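Spelled out, the chains give:
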Amino acid sequence: MTPANEPSFRESVDIMFNRAVALMDLPPGLEEKIRVCNATYTVRFGVRLRGQIHTFTGYRSVHSEHMEPVKGGIRFAMGVNQDEVEALAALMTYKCALVEAPFGGSKGGLRIDPREWDEHELEQITRRFAYELAKRDLIHPSQNVPAPDMGTGEREMAWIADQYRRMNTTDINSRACVTGKPINAGGIQGRTEATGRGVQYALQEFFRHPEDIKAAGMSGTLDGKRVVVQGLGNVGYHAAKFLQEEDGCKITGIIERDGALVDDDGIDVEGVRSWIAKHGGVTGYPNATHVEDGSSVLEKDCDILVPAALEGVIHMGNAANIKAPLIIEAANGPVTAGADEILREKGCVIIPDMYANAGGVTVSYFEWVKNLSHIRFGRMSRREEEARNELLVNELNKLDVHLGDNWSMSPDFKKKYMRGAGELELVRSGLDDTMRAAYQGMREKWHSQDNVTDLRTAAYLVSIGKVADSYRALGL
Ligand code: GLU
């Protein structure tokens, strides 16, 4: 249970923001201008379904227009409300600034349980919502570009893109009105996995810095680390899968709606994912122990805790019991401001949401650029790159023959080196570079300023600094 004195999600974001700006020297008034949400549009619309009219409530909130378009996902969930959408829009502003995606921050939500409606009904509802937003330029390639979030995915983005195109038949850039689309509707390779992949790259970068590992009271590398993941949706699933398959992590706990699975020897992420797809939950999964009270597993002894679902799951009621020395916020706002303080005092290191889950919007940025340039990344260069590499490999081949037993090419070298980078390789490379650079920017503040004692404050300092610079350049 969340304690009654717990701040709301938006208040939490404001508290964290205020903590950071107190360390900055912003001109009077600018602090307030950056903090407030510029506008929130609420729409109530009716759709005739199952023989009657159903009224739905949706929001699109624009936090900051210091850069346009503004960017941020659209969430379909019953818990959607104005406070939540505004908090999420603010986080988008800071997230985009931190990873240098040239956007302001926005977010949308529709109060709906997507599981209650069939595909055709959902399409009608989504199209109607998109129509309401597009006619007010709240979906627009140069003003406001939505993306997937909780409860939405590429299917919904394809409907939104098509709805916008029908309303703007002569707009050559119409595909850039939304990101996270399927490949055949103008999407980009690697977008679906992007947020989870970003979480993996963030952890890899953290473990490149011995000083930071020590700050969390840890040692070694990612190999063998015990990881508990909360939420096996798109983000949690990809993060857990990559950490397990590529970095040698042991997934010792998976928390879902209907309880949790635990196994200190490691749980097969792929196996659990297919079980959930078939049975609707983790209950009954045969190869791990089921725990009825799923949230108690947040308090399980582990090395890395990955909250990858809802906001506010680590609160003043359970923060003191959290044992993980390192938390990476794959979700937006999973740790409340009150819990953040308790965890900081305990010495827990938190890799903050605005950085940890920025992989999604980073690859959205690449998709938007692809749509505006009307060409797939790598199309012009891939074969040329391969031809050059082949030249070099052929020369080395001669050396191989000449030197005989004294030297030979490693078996895989030829195949690996020859292959030119296609879109997926370029997207991963761009994402990795972004995650490394943003982490280094944050840690620089963390270690160089005495009054900056945590990564979240460091992240806010970097991003608020960038937003403030943009406002200054605008003459505000
Ligand atoms: N909904 C995602 C987020 O919270 C992605 C936003 C985007 O790609 O614009 O970051």
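The following refers to the structure shown. Being a predicted model, the structure only gives us computed values, none of them experimental. (Residues numbered from 1 in each chain as written. Predicted model: local features only at pLDDT ≥ 70, side-chain atom pairs only at ≥ 80, totals over all residues. Heavy atoms only, no water.)

### Side note on the nonpolar core
Part 1 of the reasoning: Core analysis: the largest hydrophobic core is formed by 89 residues, its most contacted members being I304 and Y460.
Part 2 of the reasoning: For this core, the element with the most residues is helix α16 (residues 455-473), which contributes 10 residues.
Part 3 of the reasoning: Look past the residues within four positions of I304 in its chain and what remains in contact with it is L203, F207, M218, L222, K225, R226, V227, V228, A324, L326 and I328.
Part 4 of the reasoning: Counting residues in hydrophobic clusters, the runner-up holds 28 residues, among them V47, I74, I112 and W159. (Core = buried A, V, L, I, M, F, W, Y, C linked by side-chain atoms within 4.5 Å. Buried < 20%, exposed > 50% of the residue type's maximum accessible area, 1.4 Å probe, protein only. Helix = DSSP H or I, 4+ residues; strand = E, 2+ residues; numbered from the N terminus. Contact = heavy atoms within 4.5 Å.)

### Section: the site of the ligand
Part 1 of the reasoning: What surrounds the ligand is a group of 14 residues, the closest being K95, K107, P148, D149 and S364.
Part 2 of the reasoning: One of the side-chain nitrogen or oxygen atoms of K71 is found 2.9 Å away from an oxygen atom of the ligand.
Part 3 of the reasoning: One of the side-chain nitrogen or oxygen atoms of R191 is found 3.1 Å away from an oxygen atom of the ligand.
Part 4 of the reasoning: Across the complex, the protein chains shield 94% of the 300 Å² of accessible surface that the ligand would expose by itself.
Part 5 of the reasoning: Elements supplying a minimum of two residues to the shell around the ligand: α3 (82-98) and α12 (359-373).
Part 6 of the reasoning: With three residues, the top contributor of residues to the shell around the ligand is α12.
Part 7 of the reasoning: For the shell around the ligand, a count of residues per class yields four nonpolar, five polar and five charged. (Near = heavy atom within 4 Å. Polar contact = N/O pair within 3.5 Å; in protein donor to acceptor, adjacent residues only side chain to side chain. Areas by Shrake-Rupley, 256 points an atom, 1.4 Å probe, with all protein chains shown as cover. Nonpolar A, V, L, I, M, F, W, Y, C, P; charged D, E, K, R; others polar.)

### Details of α12
Part 1 of the reasoning: For α12, built from 15 residues, the straight-helix expectation of 21 Å at 1.5 Å per residue is met to within 8% by its first-to-last C-alpha distance of 21 Å.
Part 2 of the reasoning: Looking at α12, one finds that the buried residues are G359, G360, V361, T362, V363, S364, F366, E367, W368, K370 and N371.
Part 3 of the reasoning: The positive-phi residue at the C-terminal boundary of α12 is H374, with phi of around 60 degrees. (Expected span 1.5 Å × (residues − 1).)

### Some thoughts on unusual backbone geometry
Part 1 of the reasoning: Cis geometry is adopted by the peptide bond preceding P69, which originates at E68 and carries an omega value of 5 degrees.
Part 2 of the reasoning: Note that P69 resides in the loop between β2 (52-64) and β3 (70-71).
Part 3 of the reasoning: Backbone geometry at D137 places phi at a positive 60 degrees, although glycine is not the residue there.
Part 4 of the reasoning: In this fold, D137 is placed in the loop between α4 (119-134) and β6 (144-145).

### Description of the pattern of salt bridges
Part 1 of the reasoning: Tallying each qualifying case throughout the model produces 45 salt bridges.
Part 2 of the reasoning: Taking the shortest distance from any N to any O, the salt bridge between R10 and D14 comes out at 3.6 Å. With R10 and D14 both in helix α1 (residues 9-21), this residue pair falls four residues apart, about one helical turn.
Part 3 of the reasoning: Looking at R10, the relative accessible area reads 30%, which means it is partly exposed.
Part 4 of the reasoning: Judged by relative accessible area, D14 falls into the buried class, the value being 19%.
Part 5 of the reasoning: Measuring nitrogen to oxygen at the nearest pair gives 3.8 Å for the salt bridge that ties E425 to R419.
Part 6 of the reasoning: Judged by relative accessible area, E425 falls into the partly exposed class, the value being 31%.
Part 7 of the reasoning: We classify R419 as exposed; its relative accessible area is 51%.
Part 8 of the reasoning: Salt bridges sharing common partners tie together R75, E84, K107, D149 and E311. (Salt bridge = Lys/Arg side-chain N within 4 Å of Asp/Glu carboxyl O.)

### Points about the packing of aromatic side chains
Part 1 of the reasoning: Using the criterion set out here, one finds 13 aromatic pairs in the structure.
Part 2 of the reasoning: Relative to W117, the ring of F56 lies with its centre 5.8 Å away and its plane at 65 degrees, an arrangement referred to as edge-to-face. Within this pair, whereas F56 is found in strand β2, its partner W117 is found in the loop between β5 (104-111) and α4, the two being separated by 61 residues in sequence. No difference in accessibility class separates F56 from W117, as the two residues are buried.
Part 3 of the reasoning: Residues F206 and Y439 carry aromatic rings whose centres are separated by 6.3 Å and whose planes lie at 80 degrees to one another, so their mutual orientation is edge-to-face. Within this pair, whereas F206 is found in helix α6 (residues 194-206), its partner Y439 is found in helix α15 (residues 423-448), the two being separated by 233 residues in sequence.
Part 4 of the reasoning: When its relative accessible area of 0% is taken as the criterion, F206 is described as buried. (Phe/Tyr/Trp six-rings, centres within 6.5 Å; stacked < 30°, edge-to-face > 60°.)

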